[in-house]
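# Structural overview for review
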Amino acid sequence: MHHKTIAELAACLRRGEFTSTDLTRRYLARIECLDPHLNSYISVDPEGALAAAGHADVRLGRGEGGPLTGIPIAHKDIFCTQGIKTSCGSCMLDSFIAPYNATVVERLEQAGALVLGKTNMDEFAMGSSNETSFYGPVRNPWDVRRVPGGSSGGSAAAVAARLCAAATGTDTGGSIRQPASFCGVTGIKPTYGRVSRYGMIAYGSSLDQGGVIARTAEDCALILQAMAGFDPRDSTSVERPVPDYPGGLDTDIVGLCIGVPEEWLGTGLDPGVSAVVTAALTRFEAMGARVEQIRLPHSPLCIAGYYVIAMSEASSNLARYDGVRFGHRCQEPADLTDLYRRSRAEGFGTEVKRRIMIGTYALSAGYYDAYYLKAQKIRRLIADDFRRAFEQVDVIMGPVAPTPAFLLGAKTDDPVQMYLGDIYTLSLNLAGLPGLSIPAGFSADLPVGLQLIGDYWDETRLLAIAHQWQQTTDWHRTAPDFEP
Ligand code: GLN
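To start, this report covers the structure provided alongside it. Since we're looking at a predicted model, the values are computed, not measured.

What counts and how
- Residues numbered from 1 in each chain as written.
- Predicted model: local features only at pLDDT ≥ 70, side-chain atom pairs only at ≥ 80, totals over all residues.
- Heavy atoms only, no water.
- Helix = DSSP H or I, 4+ residues; strand = E, 2+ residues; numbered from the N terminus.
- Rg over C-alpha atoms; globule rule 2.2 N^0.38 Å.
- Buried < 20%, exposed > 50% of the residue type's maximum accessible area, 1.4 Å probe, protein only.
- Contact = heavy atoms within 4.5 Å.
- Areas by Shrake-Rupley, 256 points an atom, 1.4 Å probe, with all protein chains shown as cover.
- Lys, Arg positive; Asp, Glu negative; His and termini not counted.
- Charge placed at Lys NZ, Arg CZ, Asp CG, Glu CD.
- Axes fitted to C-alpha atoms, helices over the stretch in contact; angles between N-to-C directions.
- Parallel < 35°, antiparallel > 145°, perpendicular 65-115°, else oblique.
- Nonpolar A, V, L, I, M, F, W, Y, C, P; charged D, E, K, R; others polar.
- Salt bridge = Lys/Arg side-chain N within 4 Å of Asp/Glu carboxyl O.
- 1 Å grid on protein atoms, 1.4 Å probe; cavity = no way out; pocket = protein on both sides within 12 Å on 5 of 7 lines; lining within 4 Å.
- Points joined across faces, edges and corners; volume = space filled by probe spheres on them.
- Expected span 1.5 Å × (residues − 1).
- Arc of directions from axis to C-beta.
- Polar contact = N/O pair within 3.5 Å; in protein donor to acceptor, adjacent residues only side chain to side chain.
- Near = heavy atom within 4 Å.
- Sits in = over half its atoms within 2 Å of the grid points.
- Phe/Tyr/Trp six-rings, centres within 6.5 Å; stacked < 30°, edge-to-face > 60°.
- Lys NZ or Arg CZ within 6 Å of the ring centre and 35° of its normal.

What follows deals with the overall build of the protein chain. The secondary structure content of the protein chain amounts to 15 helices and 11 strands. Over its C-alpha trace the protein chain gives a radius of gyration of 21 Å, about what one expects of a compact globule, namely 23 Å for 484 residues. Evaluated residue by residue, the protein chain yields a buried proportion of 61% over its 484 residues. When contacts within the protein chain are restricted to residue pairs at least 6 apart in sequence, those whose partners lie at least 24 apart make up 76%. For the protein chain, the accessible area works out to roughly 17,700 Å², and carbon and sulfur atoms hold 52% of it. Each charge sign in the protein chain was given a centre, from 44 positive and 54 negative side chains, and these centres are 2 Å apart.

Listed below in structure tokens is the structure:
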């Protein structure tokens, strides 16, 4: 039963083929037996999950509930959950139990989904490999010597290994799409403002957006439906009706105009990934779409622009971890300065410290214009590139990452190499656009994702294209042969 999608599971639960309690027990048993080899969960909550499954079974028995009632999911450990530790992958929050639920957590609970536990992630979502986590790296179920991608690496690995039906993620610069690509699953990062950031621990607030990692576009649509929508507690969430995502999945793609950025298929792209993307475009043409070359001339600037903005915002956001109000506090501080200094020195890992220092520097009075302001100008140029492109095409497609999943440790000594791998994902976050990664093939036995980028608020179309793709392909059904 763990191989079924959410849509299939919901039908089985409703028909009484098995109960939510059976399903939850199955996932919990798999987590217990398999996760020691993957490390995709930071916390597991068997009692809470089984209690919620029991309630769901009562509702299902009465014919009540919706498509998510009784479906076991996991949350990235960046979402605050009342009663279960929320660590954000950091020693700083190792003992933090949030007094409230994030809006995303609350809405999914109201929709009837139940929480198996919290998934591993890069510390404060800073990374592309899940190797900066205080709880150790996550392993890719397709090849345990390799990274699952990051920062939502635990969510992607858990979904791929069938250790939950779906999982939430967040994407500041690619953290949903890139791990989805590396682990052969489907992931959507919605338009900035579509999903509430309330209770989602902040990294780069003008870039952060919550989304879903699941096995299919249909499952992503079901979860996103419950997560999305205006929240008065997040001033950047947008007051705009949520369309019927599952209802829009059957939209035909004949006549669709696909733009392919010329800048994205050149040097630096692994030939295996390039072959998968090219084959996918040919297939879309066979399905009735038209492919056109477009230009995103400023996209090479996205890495420099993104890292200045993300680190600047992080340096400000992470100032709240001062040893006083949240998280780790050093032993016997001599005075207030010592309390701040040692609590932060002990609580944060190397990558987080590096980013706080660079961000603080970029925001300092003498350098603000040269770095932060310049980066904001780049941001505008990149958004304008997309605006022009969407006057010409309906959707943009390209690679998610330059290579498939790389070996653990391959880039840990060279942060710049790690940052360069984000080249195809960052521009969207700078512009605030929605993006999706779908399994599109393999390169040397490793999954490769195809990236779909939509215009603002065009999630319905992205999900429909992905769903149509998944009606005629079965890469999303291929499971890693992971049983140690
Ligand atoms: N890899 C990027 C970074 O380290 C993006 C991370 C993210 O999307 N959270 O900032």
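Back to the write-up after that little detour.
Here we come to the packing of helix α8 (residues 271-286) against helix α15 (residues 459-472). At a closest axis distance of 12 Å, the pairing of α8 and α15 adopts a crossing angle of 90°. Considering their axes alone, α8 and α15 lie roughly perpendicular with respect to each other. Each of Ala-280, Arg-283 and Phe-284 in α8 lies in contact with α15, whose residues at this interface are Ile-465, Trp-469 and Thr-472. Grouping the constituent residues of the contact of α8 with α15 by class yields 4 nonpolar, 1 polar and 1 charged.

This next bit is on the pattern of salt bridges. Taken as a whole and assessed by the stated rule, the structure comprises 24 salt bridges. Here Arg-477 and Glu-8 are joined by a salt bridge, their closest N and O atoms 3.5 Å apart. Here the residue Arg-477 occupies a position in the segment after α15, and Glu-8 occupies one in helix α1 (residues 6-15), the gap between them amounting to 469 residues. Classification of Arg-477 as partly exposed rests on a relative accessible area of 48%. A salt bridge links Glu-346 to Arg-342; its shortest N-O distance comes to 3.8 Å. With a gap of 4 residues between them, Glu-346 and Arg-342 both fall in helix α10 (residues 336-347), about one helical turn apart. Judged by relative accessible area, which is 37%, Glu-346 ranks as partly exposed. In this structure, a network of salt bridges that share partners links the residues Arg-59, Arg-62 and Glu-64.

Right, let's get into empty space enclosed by the protein. For the structure on display, the rule yields 3 cavities of 30 Å³ or more. Taken as a whole, the largest cavity encloses approximately 100 Å³ of empty space. Forming the walls of the largest cavity are 15 residues, and the residues nearest its centre are Gly-127, Ser-128, Ser-175, Tyr-306 and Asp-422. The residue inventory of the lining of the largest cavity, partitioned by class, reads 5 nonpolar, 8 polar and 2 charged. Lining the second largest cavity we find Ser-128, Gln-178, Phe-182, Ala-401, Pro-402, Thr-403, Phe-406, Lys-411, Met-418, Gly-421 and Asp-422. When the residues that make up the lining of the second largest cavity are grouped by side-chain class, the tally is 5 nonpolar, 4 polar and 2 charged.

So, on to α10. Under the 1.5 Å per step criterion, the end-to-end length of α10 is 16 Å for 12 residues, consistent within 8% with the ideal 16 Å. Of the residues making up α10, those classed as buried are Asp-338, Leu-339, Ser-343 and Gly-347. All buried residues of α10 lie within an arc of 130° about the axis, which places them on one face of the element. Capping of α10 at its N-terminal end is provided by Asp-335; its side-chain oxygen lies 3.3 Å from the backbone amide nitrogen of Thr-337.

In the neighbourhood of the ligand, 15 residues make up the surrounding shell, with Ser-128, Gly-173, Ser-175, Tyr-203 and Tyr-306 lying closest. Side-chain polar atom of Ser-175 to an oxygen atom of the ligand: 2.5 Å apart, as the coordinates give it. Residue Tyr-306 places a side-chain N or O atom 2.7 Å away from an oxygen atom belonging to the ligand. Coverage of the ligand by the protein amounts to 100% of the 290 Å² it exposes when considered alone. Spatially, the ligand is embedded in the largest cavity. In the shell around the ligand, the residues fall into 5 nonpolar, 7 polar and 3 charged.

Take the packing of aromatic side chains next. Counting across every chain of the model gives 18 aromatic pairs. Where Tyr-361 meets Tyr-371, the ring centres are 6.1 Å apart and the plane angle is 45°; that geometry is what we call tilted. With Tyr-361 in helix α11 (residues 350-363) and Tyr-371 in helix α12 (residues 369-392), this pair connects stretches of sequence that are 10 residues apart. For Tyr-361, a relative accessible area of 40% gives the class partly exposed. Judged by its relative accessible area of 37%, Tyr-371 is partly exposed. In this structure an aromatic cluster arises from ring pairing among Phe-96, Phe-124, Tyr-321, Phe-326 and Phe-348. Sitting over the ring of Trp-469, Arg-283 keeps its end group 5.8 Å from the ring centre. The ring of Phe-406 has Lys-411 lying over it, and the distance from NZ or CZ to the ring centre is 4.2 Å.

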